[in-house]
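# Structural description and commentary
Spelled out from the first residue to the last, the chains are:
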Amino acid sequence: VLLRSREFQPQILEALARVRVAEGRRLSVEGAFDTLFSAKADTRLSGYYDGRYVESVVSQPLQSNGGSVYGGYRISGGDFPIYEDEKFTNQLGELKAGAVFALLRDRIIDERRFNRTLADGDIALADAERLMIAIGVQARAVEAYNAWVVAGQRVRVFRDLLALSLERQRAFERAVATGLRPRIILTENEQNILRRQSFVAQAEQALAVAANNLSLFWRDADGRPLLPDIAQLPPDLPTPLPLPIDPRSGLLQRPDLRMIEVRLDLARQRLALDRNQLLPRLDVAVEVSRDFGDIGLGGISREGTESKLGLTFRFPLQNRAARGRLAQTEAEIDAFRRRGQTLSEQIVAQIDAIGITIDAATRIARLASEEADRARTMAVAERRRFEMGATDFFVVNLREEAAADAEVRRLDAAFRQLTAHAELVAATADTQTLRLE
């Protein structure tokens, strides 16, 4: 059931789809670092000048700096006016290469790199949400399976109880036929049969409901819900899920805590970006170019290798927008810390409470089992006394139904124990036990 639920349950598949959505956004954000090729060309079709010009540039943003590197080639022919003198090249054109580096603002972090971090965080959040949904689904699958098995055991209890009445009815019919019993005893036993048939009908209805609930998790190879048959019921109750040695040790595995940690990390990155916006912009640009071939119409000034070095400085004097964002982000970080503390304390309290429930459920299940054993022994003994004529029909019926009630209470106590174990496994995010690994 757990394996099929993990593979085909729609809620888990929906959560997986949201992870793929986040991964798609991550790939889209990487577009800010794509290599860019650009080209332009122009030519004069009429007029005094006949200049023709073609230029192409390949640029690559830097992964570890807010700048970029680039390289290009351009070539021109014909004559240009003096105000377009920069378009002249030698006969074989000009090659150039350059780079721009951020020295202060955008050196450590910039909007592009933050967006990539944000996209990574969205993937982590979607994956944590997927795990949280999957744990909840698997916990419900365990509960549905246990409820189905326990409901099947109740049906068996009441069917066995009914079988005793039917068998006794046949014995009474023989006794009445031979004159050993009055006919009224048949009517009295028929009343018991009808009541016990009602018990069976109610138990079978509960089993059908439990089977229907289980079909939401138990599916075929194509993912379609399967309705389990009563013939597929196991002979005994399931074994409770194994408990962790130290339940609190799995605290960090909780996906809801992981989500807060991811949001806190993203807020810290946002804080670094806000502090970056407070810095002045100081960029350095370097470029090397060289013309090739015979000297063109631009003259000898294009000969040789040309190198450039430039600096750009810019600083807003007030920068209120950056200061406002900085204060906002610092407050968000503090809020996430408080939320994480609250959730951690709540989880610890929840795990401790489940531990108390497990201890109590285990003790109650043991007592209920002992009570059922005693009631069953008393019912068997009372039937023997009835067969020997040492007791009456009313008392033996009471003993049998008391034994059935005790067996049902044993099943209910066992179900509470199974449920408590499953709750602790889910609370500690034990993905291995829930078959999520």
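This structure is a prediction, so every number in the text was calculated from the model and none was measured.

So, on to the overall build of the protein chain. Counting its regular elements, the protein chain contains 7 helices and 6 strands. Walking the protein chain from its N terminus toward its C terminus, one meets helices and strands in the order α-α-β-β-β-β-α-α-α-β-β-α-α. In terms of C-alpha radius of gyration, the protein chain reaches 40 Å, well past the compact-globule figure of 22 Å for 437 residues. Dimensions of the protein chain, computed from the C-alpha atoms along their principal axes, are close to 140 × 45 × 30 Å. Look at the contacts in the protein chain between residues 6 or more apart in sequence, and 77% of them connect residues 24 or more apart.

In this section: the packing of aromatic side chains. Overall, the coordinates contain 7 aromatic pairs when judged by the stated rule. Between Tyr 48 and Tyr 49, the aromatic rings sit 5.0 Å apart at their centres with planes inclined by 90°, giving edge-to-face as the arrangement. Each residue in the set Phe 172, Phe 386 and Phe 393 is aromatic and connected to the rest through ring pairs, giving one cluster. Over the ring of Tyr 53 we find Lys 87, and its NZ or CZ is 5.5 Å from the ring centre. A cation over a ring is seen here: Arg 116 above Phe 33, with NZ or CZ 4.5 Å from the ring centre.

As a further point, take helix H6 (residues 320-387). Between its terminal C-alpha atoms H6 stretches 97 Å, which fits the 100 Å expected from 68 residues at 1.5 Å a residue. Remark: Gly 389 follows H6 within two positions and exhibits a positive phi of approximately 80°.

Turning our eyes to something else, we now look at the packing of helix H2 (residues 10-29) against helix H3 (residues 111-177). Where H2 meets H3, the closest approach of the two axes is 9 Å, and the angle between their N-to-C directions is 175°. Between H2 and H3, the angle is such that the two are roughly antiparallel. When grouped by side-chain class, the residues that make up the contact of H2 with H3 number 12 nonpolar, 3 polar and 11 charged.

We now examine the pattern of salt bridges. Counting across every chain of the model gives 37 salt bridges. In this structure, Lys 87 engages Glu 84 in a salt bridge whose closest nitrogen and oxygen atoms are separated by 3.5 Å. Of the residues examined, Lys 87 reaches a relative accessible area of 16% and is grouped as buried. Residue class for Glu 84 comes out buried when judged on its relative accessible area of 15%. Measuring nitrogen to oxygen at the nearest pair gives 2.4 Å for the salt bridge that ties Glu 371 to Arg 409. With Glu 371 in helix H6 and Arg 409 in helix H7 (residues 393-427), this pair connects stretches of sequence that are 38 residues apart. What makes Glu 371 partly exposed here is its relative accessible area of 36%.

As a further point, take helix H4 (residues 184-214). In this model, H4 (31 residues) spans 45 Å end to end at C-alpha, consistent with the 45 Å of a helix rising 1.5 Å per residue. Buried within H4 are the following residues: Ile 185, Leu 186, Asn 189, Asn 192, Ile 193, Arg 196, Val 200, Ala 203, Leu 207, Ala 210, Ala 211 and Leu 214. Tucked inside the fold, the buried residues of H4 contact H3 and H7.

Attention now goes to the packing of H3 against H4. Relative orientation of the contacting elements H3 and H4 amounts to 165°, with a least axis distance of 8 Å. Taken together, the axis directions place H3 and H4 in an arrangement best described as roughly antiparallel. Here H3 runs over H4; the crossing is left-handed. Of the residues contributing to the contact of H3 with H4, the split by class is 25 nonpolar, 7 polar and 7 charged.

Examined against the element boundaries, Val 137 turns out to sit in helix H3. It is 7.6 Å that separates the C-alpha atoms of Val 137 and Ile 12, two residues lying 125 residues apart in sequence. Contacts of Val 137, omitting those with residues within four sequence positions, involve Ser 5, Gln 9, Gln 11, Ile 12 and Phe 217.

Criteria and cut-off values
- Residues numbered from 1 in each chain as written.
- Predicted model: local features only at pLDDT ≥ 70, side-chain atom pairs only at ≥ 80, totals over all residues.
- Heavy atoms only, no water.
- Helix = DSSP H or I, 4+ residues; strand = E, 2+ residues; numbered from the N terminus.
- Rg over C-alpha atoms; globule rule 2.2 N^0.38 Å.
- Contact = heavy atoms within 4.5 Å.
- Phe/Tyr/Trp six-rings, centres within 6.5 Å; stacked < 30°, edge-to-face > 60°.
- Lys NZ or Arg CZ within 6 Å of the ring centre and 35° of its normal.
- Expected span 1.5 Å × (residues − 1).
- Axes fitted to C-alpha atoms, helices over the stretch in contact; angles between N-to-C directions.
- Parallel < 35°, antiparallel > 145°, perpendicular 65-115°, else oblique.
- Nonpolar A, V, L, I, M, F, W, Y, C, P; charged D, E, K, R; others polar.
- Salt bridge = Lys/Arg side-chain N within 4 Å of Asp/Glu carboxyl O.
- Buried < 20%, exposed > 50% of the residue type's maximum accessible area, 1.4 Å probe, protein only.
- Left-handed = near helix turned anticlockwise from the far one by under 90°.

Taken by themselves, the reported measurements are silent on function.
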